[in-house]
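One-letter residues, chain by chain:
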Amino acid sequence: MSAWLPAAPCTPAACVEPSRPATAVPRAVLRLIVVAVLLLAGIAAVLTPLGRLVPAAVVRCWCRGIVRAAGVRVRVSGAAVPSGGLLLVANHVSWLDIPLLAALRPARMLAKSEIRRWPVAGTVAARAGVLFIERDRLRALPDTVAAIARTLRAGAAVAAFPEGSTWCGRAHGRFRRAVFQAALDARVPVQPVRIRYRTGGRTVSTVPAFVGDDTLLASLWRVASARGAVTAEVEVRPVVPPGRHHDRRALADAAQPPYCRPSTGRHGHPRKAPSKSMRPLLPVYRFRMADQDIRKAGTPEGG
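Residues numbered from 1 in each chain as written. Predicted model: local features only at pLDDT ≥ 70, side-chain atom pairs only at ≥ 80, totals over all residues. Heavy atoms only, no water.

*Asks:* What is the right way to look at the overall build of the protein in this model?
*Replies:* Assigned secondary structure in the protein consists of ten helices and eight strands. A burial count over the protein gives 55% of its 303 residues as buried. For the protein, the proportion of contacts with a sequence separation of at least 24, taken over those separated by at least 6, is 79%. Total accessible area computed for the protein in this model is approximately 13200 Å², and 56% of it derives from carbon and sulfur atoms. (Helix = DSSP H or I, 4+ residues; strand = E, 2+ residues; numbered from the N terminus. Buried < 20%, exposed > 50% of the residue type's maximum accessible area, 1.4 Å probe, protein only. Contact = heavy atoms within 4.5 Å. Areas by Shrake-Rupley, 256 points an atom, 1.4 Å probe, with all protein chains shown as cover.)

Structure (structure tokens):
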């Protein structure tokens with residue numbers, strides 16, 4: 001398997017909690033309708049000539065609204081995310097991770113270059129500021145890192161999920177190092193974020209996990225109809241300032257919290273699942289391609 005396409009061993013059968021819907025069907029359907037309306041409103045705004053002039057505060061509110069509309073509570077802890085050029089990195093569990101990160105600070109996401117050619121979705125992604133990368137060409141990795149570094153030097157935030165694929169939340173993957181080279185080259189800080197989902201206040205929940213051969217529709221329904229309230233805990237960890245680490249391996253290790261280190265043992269996984277990295281900015285952009293390509297935003301995995 002290419003280094004651009006790492007695999008996670010998590011699968012719906014092995015990791016995701018059995019669905020035991022408690023929310024009435026009409027309420028779950030209403031939640032999904034509200035999510036769809038918010039997403040369509042966001043797409044419409046992006047496609048207008050003034051789409052990029054929407055205030056960051058409005059974008060943050062919109063992203064948080066999407067998560068809340070799905071029936072997920074949000075709890076944020078830690079300091080405010082700094083302004084200026086910034087590499088925003090987090091562990092990757094669900095499609096919900098994308099609006100949760102954007103609710104902290106709107107940022108340019110990474111997506112595979114094929115998306116640029118998709119009808120509607122390619123236009124929306126490009127207008128939203130997605131950075132397209134050629135995931136199937138390892139030789140393109142230096143140019144990809146250079147493009148990310150230029151964006152960071154220009155004062156923008158770039159968001160990435162360095163695990164390169166989604167994990168169930170009870171197991172974690174190693175942070176891949178390539179994207180951290182861009183932060184080193186641009187001499188910008190790295191903002192680590194930990195995302196965790198819980199039910200009942202304490203129990204780590206895999207209900208929002210979007211792994212293996214799971215489909216977007218199945219995941220959306222599982223979240224909207226989940227038993228008990230699902231809470232997304234977003235922990236903004238101490239920023240890693242530029243100059244503290246001099247190679248990408250050390251920087252990647254510093255950005256990954258000890259409790260999010262790669263998991264050992266089988267964790268109940270019979271086999272590795274295909275990678276779901278390199279997905280576009282928001283799942284909404286590709287409802288019609290949900291079963292194949294609307295998985296998670298990712299990051300170059302080389303290095």
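The structure having been displayed, the exposition proceeds.
*Asks:* Please explain the pattern of salt bridges as it appears in this structure.
*Replies:* Any two side chains of opposite charge can pair if their charged atoms end up close together. Summed over the entire model, instances satisfying the criterion amount to five salt bridges. Across the pair Glu 233 and Arg 196 runs a salt bridge whose closest N-O atoms are separated by 3.1 Å. With a gap of 37 residues between them, Glu 233 in strand E8 (residues 230-236) and Arg 196 in strand E6 (residues 190-199) connect regions that are remote in the sequence. According to the relative accessible area criterion, Glu 233 is buried, its value standing at 13%. On the basis of relative accessibility, which here comes to 21%, the residue Arg 196 falls in the partly exposed class. Between Glu 233 and Arg 198 there is a salt bridge; the shortest N-O distance is 3.1 Å. Of this pair, Glu 233 sits in strand E8 while Arg 198 sits in strand E6, placing them 35 residues apart in sequence. Arg 198 carries the same exposure label as Glu 233, and that label is buried. Salt bridges sharing common partners tie together Arg 75, Arg 196, Arg 198 and Glu 233. (Salt bridge = Lys/Arg side-chain N within 4 Å of Asp/Glu carboxyl O.)

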